[in-house]
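# Coordinate inspection notes
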Amino acid sequence: MATLLSTIRDDVRTTLVEASASFWSDAELLRYLILGCEDLWKAVIDTYEDYFLTIDETNVSLAASATSLSGVPADVFRVKGIEARTLTENTSTIFVPKDFTHPDFVRARQMSATDADGRILYYDVIQSGAPTAAPTIRVAPPISASMLLRLIYVHTLPALTASSANPIPGHSDNALRAWGIAQARAKEREDRSPDPEWLAVYSSEKQGILTAITPRQEDDREEVARALFETEW
């Protein structure tokens, strides 16, 4: 079972030799741990091992003649794929990522609404995205009938509290503990910078996590180097 952030916070207090809040408040230590979770989350998603993958089969759709998807969740950080929710009804519809200003996308935006079946639909993810807000996903050409979609994406971290479980995989409790101590001890230092020794512990733990969680599976894992512009062949 994942460790609660409140438990890791108490471990930080033990190392700081402050069993009850005095020099460091509970809110302050929790804030440091949340920042540590965010730092580790950024590292974990760049392993491309789908630890934070969501497959949304409920909310997203493309309305007839629409230029953007509807119902995009607010936690969408990185889109990995879009497809028709019912593949048997749109057997040849393929969503292909393309820059909004690419000539193919420009030509597609100039088209009249068309039947989606057998079509390539280009999409581009724009705007800030999570955690600021849901991104906008522009699509072209427009389609003549609405379509329910499956959105496959990397989600950002949810709002974390003291009662939240540590959301980072790879037995990361000690990394968060080291991060929290390093940040907390900045208040004791004249230069107000995080403790370098505890940051070194954090860095070592972080690297160990990334090594341990990559790859996620090893059964007949095929290593493939994709050619440049392979999707254009």
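Here's what I pulled together on the structure shown here.

### Here's the deal with the overall build of the protein
- In terms of helices and strands, the protein carries five helices and seven strands.
- Walking the protein from its N terminus toward its C terminus, one meets helices and strands in the order α-α-β-β-β-β-α-β-β-β-α-α.
- Computed over C-alpha atoms, the radius of gyration of the protein comes to 23 Å, more than 25% over the 17 Å expected from 2.2 N^0.38 for 233 residues, which places it beyond the range of a compact globule.
- For the protein, the spread of C-alpha atoms along the three principal axes comes to 70 × 40 × 35 Å.
- Looking at the protein residue by residue over its 233 residues, the buried ones come to 39%.
- Put simply, of all contacts in the protein between residues at least 6 apart along the chain, 74% involve residues at least 24 apart.
- The distance from the centre of the 22 positive side-chain charges to the centre of the 34 negative ones in the protein is 5 Å.

### Some details on the packing of helix α4 (residues 173–184) against helix α5 (residues 196–212)
- Axis separation between α4 and α5 bottoms out at 8 Å; the angle between their running directions is 155 degrees. Relative to α5, α4 is oriented roughly antiparallel. Crossing of α4 over α5 shows left-handed handedness. Contact residues: Asn174, Ala175, Arg177, Ala178, Trp179, Ile181, Ala182 and Gln183 in α4; Trp198, Leu199, Val201, Tyr202, Glu205 and Ile209 in α5.
- Split by residue class, the contact of α4 with α5 holds ten nonpolar, two polar and two charged.

### Considering the packing of aromatic side chains
- Counted under the stated rule, the structure contains five aromatic pairs.
- Pairing phenylalanine 23 with tryptophan 24 gives two aromatic rings, centres 4.8 Å apart and planes at 80 degrees, and the pair type is edge-to-face.
- Phenylalanine 23 sits in the partly exposed class, given a relative accessible area of 39%.
- Among the aromatic side chains, those forming a connected cluster through ring pairs are Phe100, Phe105 and Tyr122.

### Details of the nonpolar core
- If you look at the biggest cluster of nonpolar residues, it comprises 33 residues, and the most contacted ones within it are Leu5, Leu16, Leu29, Cys37, Phe52, Ile168 and Leu176.
- The set of elements that each furnish at least two residues to this core consists of α1 (5–16), α2 (26–45), α4 and α5.
- The biggest single contributor to this core is α2, with eleven residues.
- Contacts of leucine 29, omitting those with residues within four sequence positions, involve Arg9, Val12, Arg13, Leu16, Trp24 and Ala184.

### Looking at the packing of α1 against α2
- Where α1 contacts α2, the axes come no closer than 10 Å and their chain directions differ by 115 degrees. By the angle between their axes, α1 is roughly perpendicular relative to α2. As α1 runs across α2, the sense of the crossing is right-handed. Between α1 and α2, the residues in contact are Leu5, Ile8, Arg9, Val12, Arg13 and Leu16 and Asp26, Leu29, Leu30, Leu33, Ile34 and Cys37, respectively.
- For the contact of α1 with α2, the residue count by class is nine nonpolar, no polar and three charged.

### Re the environment of aspartate 99
- You can see aspartate 99 is positioned in the loop between β4 (94–97) and α3 (103–109).
- Judged by relative accessible area, aspartate 99 falls into the partly exposed class, the value being 44%.
- Taking C-alpha positions, aspartate 99 is 5.8 Å from aspartate 124, a pair spaced 25 residues apart along the chain.
- Excluding residues that lie within four positions of it along the chain, aspartate 99 makes contacts with Phe105 and Asp124.
- Only 2.6 Å separates the side chain of aspartate 99 from the side chain of threonine 101, close enough to count as a polar contact.

### A closer look at the side chain of aspartate 56
- Note on placement: aspartate 56 falls in strand β1 (residues 53–56).
- Although aspartate 56 lies buried, it forms no salt bridge, and the closest oppositely charged side chain, arginine 85, sits 5.5 Å away as judged by the N-O distance.
- Side chain to side chain, aspartate 56 and asparagine 59 meet in a polar contact 2.6 Å long.
- For aspartate 56, the residues in contact, after removing those within four places along its chain, are Pro73, Leu149, Arg150, Leu151 and Tyr153.

So, how was this worked out
- Starting from 1, residues in each chain are numbered consecutively following that chain's sequence as written.
- Since the coordinates come from a predicted model, pLDDT governs what is reported: local features require at least 70, and pairs of side-chain atoms require 80 or more to be given and counted, while whole-chain, interface and lining totals use all residues.
- To obtain the side-chain values, all non-hydrogen atoms of the structure were included, while hydrogens and water were left out.
- Working definition: helices are DSSP H or I runs of at least four residues, strands are E runs of at least two. Numbering for both runs from the N terminus.
- For the radius of gyration, the atoms used are the C-alpha atoms, and the globule rule reads 2.2 Å times the number of residues raised to 0.38.
- To sort residues, take the accessible area from a 1.4 Å probe on protein chains only and compare it with the maximum for the residue type: under 20% means buried, over 50% means exposed, and anything in between is partly exposed.
- Any two residues whose heavy atoms approach within 4.5 Å at even a single point are treated as in contact.
- Asp and Glu are treated as the negative residues and Lys and Arg as the positive ones, with His and the ends of the chain left uncounted.
- Charge coordinates come from a single atom per side chain, which is NZ of Lys, CZ of Arg, CG of Asp or CD of Glu.
- Axis definition: a line fitted to C-alpha atoms, limited for helices to the stretch in contact. Angles are taken between N-to-C directions and run from 0 to 180 degrees.
- What sets the label is the angle itself: under 35 degrees gives roughly parallel, over 145 gives roughly antiparallel, 65 to 115 gives roughly perpendicular, and the rest give oblique.
- Crossing handedness is defined as follows: a turn of the near helix away from the far one that is anticlockwise and smaller than a right angle gives a left-handed crossing, while the clockwise case is right-handed.
- Residues are grouped as follows: Ala, Val, Leu, Ile, Met, Phe, Trp, Tyr, Cys and Pro are nonpolar; Asp, Glu, Lys and Arg are charged; every other residue, Gly included, is polar.
- Within 6.5 Å between ring centres, the rings of Phe, Tyr and Trp (the latter by its six-membered ring) count as paired, and their orientation is classed by plane angle as stacked under 30 degrees, edge-to-face over 60, tilted in between.
- Remark: nonpolar core denotes a set of buried residues (Ala, Val, Leu, Ile, Met, Phe, Trp, Tyr, Cys) joined through side-chain atoms within 4.5 Å.
- Think of a polar contact as two N or O atoms within 3.5 Å of one another; within protein, one of them needs to be a possible hydrogen donor and the other a possible acceptor, and neighboring residues in sequence only count if both atoms come from side chains.
- Salt bridges are defined as contacts in which a side-chain nitrogen from Lys or Arg sits within 4 Å of a carboxyl oxygen from Asp or Glu.

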